Amino acid sequence: MYTPPRSPALNIHLAEEHGRSPFATYFKEVIYGGIDGIITTFAVVAGFSGAALANETTTQLTFITVLLFGLANLCADGVSMGLGNFLSVRSDQDLYQAARDKETHEVRTNPELEYEETIDIMMQQGFTQAQARQLADIYRTNESYWVDFMMTHELQMPDPRGDNPYLTGLATFLAFLGFGAIPLLPFILAGDASTEAVFQYSILGTFTALVTLALLKWQIVGTGLGKSLLEVVLVGGAAAVIAFFVGSLFTI
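What follows is about the overall build of the chain. Per the secondary structure count, the chain includes 11 helices and 0 strands. Walking the chain from its N terminus toward its C terminus, one meets helices and strands in the order α-α-α-α-α-α-α-α-α-α-α. The buried share of the chain, reckoned over its 252 residues, is 36%. The contacts of the chain with a sequence gap of at least 6 include a subset with a gap of at least 24, amounting to 77%. Summed over all atoms, the accessible surface of the chain reaches about 14,700 Å², with 64% contributed by carbon and sulfur.

What follows is the structure, given as structure tokens:
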């Protein structure tokens, strides 16, 4: 593919304004895996702790149970989410490619109808008929770009071919594992502490993890700090409260 020469100023502009770090590229997976890891692991902690607080004689049993179920949940769900995200991206790419192959076939076998559809789409976007025809005449000289246009504006399908399913799945898995382990740390380092004290440390760790995710969202995405904190902490906190309430309904 021919790449036109660029001025130094344009290269600097593209690098500064449109460059993305690998972390930013997979930040959606970090948020997705991180928040799910925190909530699902804390649900185990909150459920068992909520039940154990009704019976103070079960402290040691609670620690062992939380660790067994928490670590099993962390590993199993982390792998499941990573593989699920991998398959999701692959399926999305396969679906897009099948639709693109069909659209390419239509452009090649029935170009006049596709030409009229292109004009109609452009007129719906506010171009005059003359402008739409002029643009459609240009598009039909470049088949690949024409098909891109039809995929975006006729079928309204974003192009997922640039997504890496392996790195997407890995980012989800690592985020789930890293953030999901935080609510379990107090039970690993508990020593002779009471169930109530360890659970309070777990709450603090969970809150800290949620705030960290919110701060990352604020820095990477650029949304307001207050909005980021409210969205992430409120959603995670609501799930944690529900989990604890359900656990408190039972006794061990």
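Moving on, we get to the packing of aromatic side chains. One pass over the full model with this rule turns up 4 aromatic pairs. With a centroid separation of 5.2 Å and 50° between ring planes, the pair formed by Phe 86 and Tyr 166 is classed as tilted. In this pair, Phe 86 is assigned in helix H4 (residues 59-109) and Tyr 166 in helix H8 (residues 165-180), connecting sequence segments 80 residues apart. Look at Tyr 139 and Tyr 145: their rings are 5.2 Å apart centre to centre, the planes differ by 65°, and that puts the pair in the edge-to-face class. Owing to a relative accessible area of 45%, Tyr 145 belongs among the partly exposed residues under this scheme. An aromatic cluster is built from Tyr 139, Tyr 145 and Phe 149, whose rings are joined through pairwise contacts. Here the basic side chain of Arg 140 rests over the ring of Tyr 115, its NZ or CZ set 4.3 Å away from the ring centre.

The next point concerns the nonpolar core. Counting residues in each nonpolar core, the largest one holds 16 residues, and the members touching the most others are Trp 146, Phe 149 and Met 151. Of all elements in the fold, only H4, helix H5 (111-124), helix H6 (129-139) and helix H7 (143-153) reach the threshold of two or more residues within this core. Top contributing element to this core by residue count: H7, with 5 residues. Within the second largest apolar cluster, 14 residues are counted, among which are Val 45, Met 81, Ala 190 and Val 198.

What follows deals with the pattern of salt bridges. One pass over the structure, following the stated rule, counts 7 salt bridges. A salt bridge links Arg 161 to Asp 159; its shortest N-O distance comes to 2.8 Å. Arg 161 sits in the partly exposed class, given a relative accessible area of 40%. In this structure, the salt-bridge partner of Lys 217 is Glu 231, at a minimum N-O distance of 2.3 Å. Of the two residues, Lys 217 sits in helix H10 (residues 195-221) while Glu 231 sits in helix H11 (residues 225-248), which places them 14 residues apart along the sequence. Among the residues examined, Lys 217 registers a relative accessible area of 16% and is labelled buried. Since its relative accessible area comes to 33%, Glu 231 is described here as partly exposed. What you see here is one network of salt bridges that share partners, running through Arg 100, Asp 148, Asp 159 and Arg 161.

In this structure, the largest pocket spans a volume of roughly 260 Å³. Around the largest pocket, the lining comprises 16 residues; the ones closest to its centre are Lys 28, Glu 29, Val 89, Asp 163 and Thr 168. For the lining of the largest pocket, the secondary-structure elements that each account for two or more residues are helix H2 (22-25), helix H3 (27-52) and H4. Considering each element in turn, the lining of the largest pocket owes the most residues, 4 residues, to H4. In the lining of the largest pocket, the residues fall into 5 nonpolar, 6 polar and 5 charged.

About the thresholds
- Residues numbered from 1 in each chain as written.
- Predicted model: local features only at pLDDT ≥ 70, side-chain atom pairs only at ≥ 80, totals over all residues.
- Heavy atoms only, no water.
- Helix = DSSP H or I, 4+ residues; strand = E, 2+ residues; numbered from the N terminus.
- Buried < 20%, exposed > 50% of the residue type's maximum accessible area, 1.4 Å probe, protein only.
- Contact = heavy atoms within 4.5 Å.
- Areas by Shrake-Rupley, 256 points an atom, 1.4 Å probe, with all protein chains shown as cover.
- Phe/Tyr/Trp six-rings, centres within 6.5 Å; stacked < 30°, edge-to-face > 60°.
- Lys NZ or Arg CZ within 6 Å of the ring centre and 35° of its normal.
- Core = buried A, V, L, I, M, F, W, Y, C linked by side-chain atoms within 4.5 Å.
- Salt bridge = Lys/Arg side-chain N within 4 Å of Asp/Glu carboxyl O.
- 1 Å grid on protein atoms, 1.4 Å probe; cavity = no way out; pocket = protein on both sides within 12 Å on 5 of 7 lines; lining within 4 Å.
- Points joined across faces, edges and corners; volume = space filled by probe spheres on them.
- Nonpolar A, V, L, I, M, F, W, Y, C, P; charged D, E, K, R; others polar.

Function cannot be read off these values alone, since they describe shape.
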